[in-house]
Amino acid sequence: MLKTIPETFQKQVAHHIEKTEKGYLLNLSVPGYSKDRIRIRFEEDRLEVSAEKDENAVVFAKPGFKKRFVIPAHVDTDEIDAKYIDGILQIEIPFRQNYRREVSIK
């Protein structure tokens with residue numbers, strides 16, 4: 001299962017993780033951030049989603065955030081995909097092709 005790594009020092013970002021037949025669907029609520037400021041990075045077994053603080057915004061300034069997730073070994077990290085629509089960042093994390101299979105008894 002996809003797990004969140006607790007972040008006590010950063011701005012809290014609401015998220016929802018759903019397991020589907022094809023993989024995991026991770027939704028993060030990040031309204032007010034432009035997709036140019038959001039960074040998604042994968043390293044070893046961690047997926048990190050972050051945004052830098054906008055130093056130029058005066059009135060509607062948003063603080064930065066960082067959210068980390070542990071990625072299980074049965075996902076295809078080369079096929080992780082992301083969309084940003086109406087303040088929701090949606091990250092699709094598919095299972096590897098051979099994740100589920102029948103084993104025949106000999």
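The written sequence of each chain sets the order in which its residues are numbered from 1. In keeping with the predicted nature of the model, local features appear solely for residues at pLDDT of at least 70, side-chain atom pairs appear and are counted solely at 80 or more, and the whole-chain, interface and lining totals rest on all residues. Excluding hydrogens and water, the side-chain values take into account all heavy atoms of the structure.

The next point concerns the overall build of the protein chain. In terms of regular secondary structure, the protein chain is built from zero helices and eight strands. Comment: elements are numbered from the N terminus, with helices defined as DSSP H or I runs of at least four residues and strands as E runs of at least two. Start at the N end of the protein chain and walk to the C end: the helices and strands fall as β-β-β-β-β-β-β-β. The buried label goes to any residue with under 20% of its type's maximum accessible area, the exposed label to any with over 50%, and the partly exposed label to all in between, with areas taken from a 1.4 Å probe on protein chains only. Residues counted as buried form 31% of the 106 residues belonging to the protein chain. Only heavy atoms enter the contact rule, under which two residues are in contact if any of them lie within 4.5 Å. Residue pairs at least 24 apart in sequence account for 54% of intrachain contacts in the protein chain once pairs closer than 6 positions are excluded.

Another aspect to go through is the sheet that holds strand β7 (residues 81-85). Strand pairing is assigned whenever DSSP identifies at least 2 bridges connecting the two strands. Across the sheet, which stays open at both edges, the four strands sit in the order β2-β3-β8-β7 with antiparallel pairing between neighbours. Edge positions in the sheet fall to β2 (15-19) and β7, since each has one partner strand and no second. The average angle at which neighbouring strand axes cross in this sheet is 15°, direction not considered. Across seven bridges, strand β3 (residues 23-29) lies against strand β8 (residues 88-94) in antiparallel orientation. Bridge pairing in β8 places L28 opposite L89. Here, axes are lines fitted to C-alpha atoms. For helices the fit covers the stretch in contact, and angles between N-to-C directions go from 0 to 180 degrees.

Time to look at the pattern of salt bridges. Salt bridges are defined as contacts in which a side-chain nitrogen from Lys or Arg sits within 4 Å of a carboxyl oxygen from Asp or Glu. Tallied over the full model, the rule gives four salt bridges. With a closest N to O distance of 3.7 Å, D45 and R46 form a salt bridge.

Our focus in this paragraph is the packing of aromatic side chains. Pairing of aromatic rings covers Phe, Tyr and Trp, the last counted by its six-membered ring, and requires centre-to-centre distances within 6.5 Å; plane angles under 30 degrees mean stacked, over 60 mean edge-to-face, and any other angle means tilted. One pass over the full model with this rule turns up two aromatic pairs. When the centroid spacing of 5.4 Å and the interplanar angle of 75° are considered together, the rings of Y24 and F95 count as edge-to-face. Of the two residues, Y24 is situated in strand β3 and F95 in the segment after β8; the sequence distance between them amounts to 71 residues. The class of Y24 is buried, set by a relative accessible area of 3%. What makes F95 buried here is its relative accessible area of 9%. Taking the centre distance of 5.2 Å and the plane angle of 75° together, the rings of Y33 and F65 count as edge-to-face. One end of the pair, Y33, is in the loop between β3 and β4 (38-43); the other, F65, is in strand β6 (residues 65-70), with 32 residues separating them in the sequence.

That's the geometry; what it means functionally is another story.
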